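Chain and residue survey
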Amino acid sequence: MVGCVVLLLAGQSCTDLDETTYDVIPTDQFGSTAAQQAALIGPLYSGLGDYYGNHNSLNATTDEQIVPTRGGDWKDGDNWKRLYTHTWDPVTDNGQFNGPWTWCYNNITSINQQLGSLTDENVKAELRALRAFFHYKAMDFFGNVIIADQVGAAAPEQKTRTEVFNWIEKELLEVYPKLSETVGGAYYGRFNKYVVDMTLAKMYLNAQVYTGTPRWQDAITRCDNIIKSGKFSLTGDFFENFKVQNQNSSEIILATPFDNSKRGGFNIHMATLHYKNQLTYNLPAAPWNGYATVAEFYNSFSNQDARKKMWIVGQQFDINGKALDDDGVPMVFTPEIPSFEMPAGPAGRLAGVRSQKYEIQKNNTTNDMSNDFVIFRLGDAYLMRGEANFRLGKVADALPDFNLIRRRAGVPEYTAAQLTLDEILAERGRELAWEYHRRQDLIRFGQYTKAWRFKPASEKYRELFPIPRDQISLNPKLKQNPGYN
């Protein structure tokens, strides 16, 4: 018996249980066409679309993003201050970290449930790669986590960071030969060989942090796979990667698609712009006047650096060019933020430069934009390869990669004497600001716990976030990260 098709029409029912049907595909045969595969895996990639939402607040633990208190605005129980100063508390701030944890493991669970019903080995390989990516993010955030590779496994054992690293690497290397080399089109936003190369490159670049053993040459090999494939090229204009319709960028390796009406959730402009910037872009609602950057980070860009245009500074205007004011005070964004907690009034509301790295969608009808959020791009592959070569003492091999990026930015090329670890970190900051690589970079360079503006030096254990208390309650085999007990 195949079963019956239930017609969603009033008064109709199926009474012949032995009826042969011709419009139902048996489960074990579904997934044989590209359209059927898309129907199976599409919902699983929807979870990847929450990458932006699960990283944007955690970026406030770095020196490139600050969310100061402006009178009563953004006070939020001092949550933002605790993030920025590395004084977060595993009890008070449990929800802050439970969100990223559940993002990782809810998506892993969904993938596990689907894997059992698939027969196409190539599709299964793609989903295993996606599953490994979520494990990678959990390992990066929390260190010692669980490996969830089976459906319904009760209270899995907590593994060391090294064990998780080794499992992720093994998974990715096993599925790699079965992954597509197709770029764009039906594979836009999906895991192909180059996305896995990029994930492995990130793991190898940070392997000394994760496992205690550096893997610089392995990082170079994976970056070479991407760069030498000829599938990607640097865009002529840096900002082509972030415009409203950026899906055709030749540089993007992995992005999560957004659409202001069909797939919302990308609203970085609302988080950073001043309330009155609603008039600048003809937005449907007033922005929230929160995210900014500190003067030191902004000033790391020279005036000739084309990338400095990612920041909004100076007098603001409405969409017709009329100068705006804030309670009678000229609406001028100033780089200097005088203190983390500023009093109410124009001075506090206007302090700090804002981000327009992602083109702000004018005349929008919703609070969401249609720019796709970039997770991996070729510019980062060049910078990673350059750094890995530098750390191996191959300065002559490292220089061309950094200078390729700097030429596009319109700034002088480095000489061998100018290339230092401090300068490499600064260049990564200028190229990748607010793309959510900064925490990882600061940790790798030993700078994450150092003091910066408004932040004192913090303890080394802050390089890991606390295991959410909710998860420890659900799984008694989980032990809290040292320092948070």
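In this report, we go over the structure that sits alongside the text. Every chain begins its residue count from 1, and numbering advances along the sequence as written. Totals for whole chains, interfaces and linings use every residue, but because this is a predicted model, local features are given only for residues with pLDDT of at least 70 and side-chain atom pairs only at 80 or more, for both listing and counting. Just so you know, side-chain values use all the structure's heavy atoms and leave hydrogens and water out.

1. So, the overall build of the protein
Counting its secondary structure elements, the protein contains 18 helices and 10 strands. Relative to the 2.2 N^0.38 estimate, which gives 23 Å for 485 residues, the radius of gyration of the protein is 24 Å and therefore close to what a compact globule would have. If one aligns the C-alpha atoms of the protein with their principal axes, the spans along those axes are about 80 × 60 × 50 Å. The classification of residues rests on relative accessible area computed with a 1.4 Å probe and restricted to protein chains. Under 20% of the type maximum is buried, over 50% is exposed, and intermediate values are partly exposed. When burial is assessed residue by residue, the protein has 55% of its 485 residues classed as buried. By the convention used here, residues are in contact when the closest approach between their heavy atoms is within 4.5 Å. Expressed as a percentage of contacts within the protein between residues at least 6 apart in sequence, the contacts between residues at least 24 apart total 66%. Counting every atom, the protein has about 20000 Å² of accessible surface; 51% of that belongs to carbon and sulfur. If you average the places of the 51 positive and of the 56 negative side-chain charges in the protein, the two averages end up 5 Å apart. Counting from the N terminus, the helices are DSSP H or I runs at least four residues long and the strands are E runs at least two residues long. Using C-alpha atoms as the atom set, the radius of gyration is obtained and then compared with a globule rule of 2.2 Å times the number of residues to the power 0.38. Only the protein chains shown count as cover for residues, with accessible areas throughout obtained via the Shrake-Rupley method and a probe of 1.4 Å. Residues counted as positive are Lys and Arg, residues counted as negative are Asp and Glu, and His and the chain ends are not counted. The location of each charge is read from NZ of Lys, CZ of Arg, CG of Asp or CD of Glu.

2. Here we look at the nonpolar core
The biggest cluster of nonpolar side chains holds 137 residues, and the ones touching the most others in it are Leu48, Tyr105, Leu130, Ile168, Phe191, Trp311 and Phe373. When residues of this core are assigned to their parent elements, the largest contribution, 13 residues, is made by helix H5 (residues 121–142). The term nonpolar core refers to a set of buried residues drawn from Ala, Val, Leu, Ile, Met, Phe, Trp, Tyr and Cys, joined through side-chain atoms within 4.5 Å.

3. Structural notes on the pairing of strand S10 (residues 373–377)
Consecutive side chains along a regular strand alternate between the two faces of the sheet. Across the 5 residues of S10, 5 count as buried, placing the element largely inside the fold. Sheet topology places strand S2 (residues 252–256) next to S10; 4 bridges connect them, and they run antiparallel. Paired with Leu254 across the strands is Phe376, a residue of S10. Two strands pair if DSSP finds at least two bridges between them.

4. So, the packing of helix H7 (residues 193–205) against helix H9 (residues 216–227)
Their axes nearest at 8 Å, the elements H7 and H9 cross at an angle of 160°. Classified by the interaxial angle, the pair formed by H7 and H9 is roughly antiparallel. Where H7 crosses over H9, the two elements pack in a sense that is left-handed. Of H9, the residues touching H7 (which contributes Tyr194, Asp197, Met198, Leu200, Ala201, Tyr204 and Leu205) are Trp216, Asp218, Ala219, Arg222, Cys223, Asn225 and Ile226. We call Asp, Glu, Lys and Arg charged. Ala, Val, Leu, Ile, Met, Phe, Trp, Tyr, Cys and Pro are nonpolar, and the rest, Gly among them, are polar. Its residues assigned to classes, the contact of H7 with H9 comprises 10 nonpolar, 1 polar and 3 charged. To obtain each axis, a line is fitted to C-alpha atoms, and for helices this fit is confined to the stretch in contact; angles are then taken between N-to-C directions over 0 to 180 degrees. Angular relationships are summarised with four words: roughly parallel below 35 degrees, roughly antiparallel beyond 145, roughly perpendicular across 65 to 115, and oblique for the angles in between. Each crossing gets its hand from how the near helix is turned against the far one by less than a right angle, where anticlockwise is left-handed and clockwise is right-handed.

5. What to know about the pattern of salt bridges
Note on definitions: salt bridges are taken to be side-chain nitrogens of Lys or Arg within 4 Å of carboxyl oxygens of Asp or Glu. Enumeration over the complete set of coordinates arrives at 48 salt bridges. A salt bridge links Glu171 to Arg131, with the shortest nitrogen-to-oxygen separation between them at 3.0 Å. Here Arg131 lies in helix H5 and Glu171 lies in helix H6 (residues 161–175), a separation of 40 residues in the sequence. Both residues of the pair, Glu171 and Arg131, belong to the buried class. For Glu181, the salt bridge goes to Lys193, with nearest N and O atoms at 3.3 Å. Of this pair, Glu181 sits in the loop between H6 and H7 while Lys193 is found in helix H7, placing the two residues 12 residues apart along the sequence. Overall, Glu181 belongs to the partly exposed group, its relative accessible area being 41%.

6. Quick word on the packing of H5 against H6
One can describe the packing of H5 onto H6 by two numbers: an axis separation of 9 Å at closest approach and a directional angle of 160°. As summarised for this structure, H5 and H6 are arranged roughly antiparallel, according to the angle between their axes. When the axes of H5 and H6 are compared, the crossing they make is left-handed. Each of Ala125, Arg128, Ala129, Arg131, Ala132, His135, Tyr136, Met139 and Asp140 in H5 lies in contact with H6, whose residues at this interface are Arg161, Val164, Phe165, Trp167, Ile168, Glu171, Leu172, Glu174 and Val175. Split by residue class, the contact of H5 with H6 holds 11 nonpolar, 1 polar and 6 charged.

7. Some points on H7
How far a helix is expected to stretch is found by multiplying one less than its residue total by 1.5 Å. Taking 1.5 Å per residue, 13 residues should reach 18 Å; H7 reaches 18 Å between its end C-alpha atoms and fits that length. With respect to burial, H7 is a largely interior element, 13 of its 13 residues being buried.

8. Brief notes about the packing of aromatic side chains
Any two rings among Phe, Tyr and Trp, with Trp reduced to its six-membered ring, count as a pair given centres within 6.5 Å; such a pair is stacked if its planes are under 30 degrees apart, edge-to-face if over 60, and tilted if neither. Here the structure, examined in full by the defined rule, presents 42 aromatic pairs. Here Phe297 and Phe301 contribute two aromatic rings whose centre-to-centre distance is 6.1 Å and whose plane-to-plane angle is 70°, an arrangement assigned as edge-to-face. Phe301 matches Phe297 in its accessibility class, with the two residues each being buried. Both a distance and an angle decide whether a charge sits over a ring: NZ of Lys or CZ of Arg must be within 6 Å of the ring centre and within 35 degrees of the ring normal. Its guanidinium or amino end placed over the ring of Trp88, Arg462 lies 5.2 Å from that ring's centre, counting from NZ or CZ.

9. Section: unusual backbone geometry
The backbone of Asp327 shows a phi angle near 50°, a positive value even though the residue is not glycine. With respect to the secondary-structure elements, Asp327 resides in the loop between strand S5 (325–326) and strand S6 (329–330). Notably, Phe454 is not glycine yet its phi reads approximately 70°, a positive angle. Within the element layout of this structure, Phe454 appears in the loop between helix H17 (438–444) and helix H18 (469–474).

10. Focus: the side chain of Glu431
Residue placement: Glu431 occurs in helix H16 (residues 421–432). On the basis of relative accessible area, Glu431 is assigned to the buried category, the value being 1%. Contacts of Glu431, omitting those with residues within four sequence positions, involve Phe238, Arg307, Lys357, Arg377, Leu383, Ile405 and Arg408.

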